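Here are the chains, one letter per residue:
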There are 2 protein chains.
Amino acid sequence: MHYPRPLQQLMEELGKLPGIGPKTAQRLALYLVGRPAGEVQALARALIEASEKTILCSRCFNLTDVDPCALCTDPRRNDRLLCVVEQPRDVFALERTREFHGRYHVLHGAISPIEGIGPDDLRIKELLRRLSEQPVEEVILATNSTVEGEATAMYLVRLLKPAGIKVSRIAYGLPVGGDLEYVDEVTLSRALEGRRPL
Amino acid sequence: MHYPRPLQQLMEELGKLPGIGPKTAQRLALYLVGRPAGEVQALARALIEASEKTILCSRCFNLTDVDPCALCTDPRRNDRLLCVVEQPRDVFALERTREFHGRYHVLHGAISPIEGIGPDDLRIKELLRRLSEQPVEEVILATNSTVEGEATAMYLVRLLKPAGIKVSRIAYGLPVGGDLEYVDEVTLSRALEGRRPL
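Notes on the structure follow.

How each quantity is defined
Residues numbered from 1 in each chain as written. Chains lettered and ligands numbered in written order. Predicted model: local features only at pLDDT ≥ 70, side-chain atom pairs only at ≥ 80, totals over all residues. Heavy atoms only, no water. Helix = DSSP H or I, 4+ residues; strand = E, 2+ residues; numbered from the N terminus. Rg over C-alpha atoms; globule rule 2.2 N^0.38 Å. Buried < 20%, exposed > 50% of the residue type's maximum accessible area, 1.4 Å probe, protein only. Areas by Shrake-Rupley, 256 points an atom, 1.4 Å probe, with all protein chains shown as cover. Lys, Arg positive; Asp, Glu negative; His and termini not counted. Charge placed at Lys NZ, Arg CZ, Asp CG, Glu CD. Contact = heavy atoms within 4.5 Å. Buried area = accessible area lost by both parts, 1.4 Å probe. Salt bridge = Lys/Arg side-chain N within 4 Å of Asp/Glu carboxyl O. Pairing = 2+ DSSP bridges. Right-handed = clockwise from strand over helix to strand, strands pointing away.

### Here we look at the overall build of chain A
Tallying secondary structure elements over chain A gives 8 helices and 6 strands in all. A compact globule built from 198 residues would reach a C-alpha radius of gyration of about 16 Å, whereas chain A, at 22 Å, exceeds it by more than 25%. When its C-alpha atoms are laid out on the principal axes, chain A stretches across 65 × 45 × 35 Å. Sorting the 198 residues of chain A into buried and exposed places 41% on the buried side. Accessible area for chain A stands at about 11400 Å²; split by element, carbon and sulfur atoms hold 53% of it. Charge centroids of chain A, computed over 26 positive and 27 negative side chains, lie 3 Å from each other.

### Here we look at the interface of chain B and chain A
Contacts between the two partners involve 46 residues from chain B and, on the opposite side, 46 residues from chain A. Regarding the contact of chain B and chain A, the summed buried area is about 4300 Å², with carbon and sulfur atoms giving 76% of it. Counting across the chain B and chain A interface gives 2 salt bridges. Between R5 of chain B and E49 of chain A there is a salt bridge, and its shortest N-O distance comes to 4.0 Å.

### Comments concerning the side chain of E126 of chain A
Here E126 of chain A is to be found in helix 6 (residues 124-133). The residues contacting E126 of chain A, other than those within four sequence positions of it, are F61 and H105 of chain A.

### Comments concerning the pairing of strand 3 (residues 78-85) of chain A
Residues and elements named next belong to chain A. Across 5 bridges, strand 3 lies against strand 4 (residues 102-106) in parallel orientation. Paired with C83 across the bridge in strand 4 is Y104. The parallel pair strand 3 and strand 4, bridged by helix 5 (residues 88-97), forms a crossover whose chirality is right-handed. As defined by bridge partners, strand 3 adjoins strand 5 (residues 138-141) across 4 bridges and the pair is classed as parallel. Looking across to strand 5, one finds that L81 is bridged to E138.

Here it is as structure tokens:
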């Protein structure tokens, strides 16, 4: 005996989401059919709205509902600093620090030979076009500190340095609040290398 | 700086789901806006469909899309055995065992003075009506083995026994495949009590 077909269907759709296994999909579906119709409709509407109205900014390729996005058109931001990240979520993470006031460029991935992702699959051509059109003084590479993020940063360094653009990489080191003994050796040696005089 | 409004809205709606915290809601929303519109629409449609078409069976109060439900109308099932459970998910769990071929009755909760849930908030009146109309020989109490499930079972025993109805409780004991040393003392003493001659 199965769940009623519409409920089964909902479990299958929920189960397609990343990190949602069959048990969680079942729990969520059972919860949802027990809620007032208005609540479920609100979620369905939010899904459609977000899917339809969220686009990529044609300048920085961040997620936005207006093009160009608010970050690209904000006149208070510094055009001379350009921070390159892998994903839209990285822009929002950096914005939460309130420390960076330049512009962004979202690559939408990182170079990964294993997954068959090469430079042409990322927004690198668009980055080069921006750099040729805008007066950028420094490109900050804020790709992840993974093998793929590193490979992407190194690729961009080799591409941009010969063009005379100042390129920097965000720092490696101890996470704030992190215990020295629990930090892996690679991070710790990078933290030593990157030490600063006080 | 916030996420674009429609995306923010989606994160908020997803964050209302049980067990979905802000981080997961963010991850899911960012994943969804990156998927083809058709995929997101399929999920939205499944939500609406499940919400609209899933109703409670007027006989057993299980979730169904036809009333009375398939379990209530299946002529191969035994009308004389009635299994009482707390939630629809319990019916599906029991059905997966393929061991029970009687009918079900879903209470939609358990007695819990702390949460202010009394007998009148459960489908107990409806259970009594069924028992007065149908020739049930045995009521199997399959409420959870929690304080609330126990209280509900005891309440029903006191209610049904004087009416001359045979009432039983599902067995307590070791979970199959469970190691004796990891089972709590209460379960273990119940397992001893419930021992069977071989």
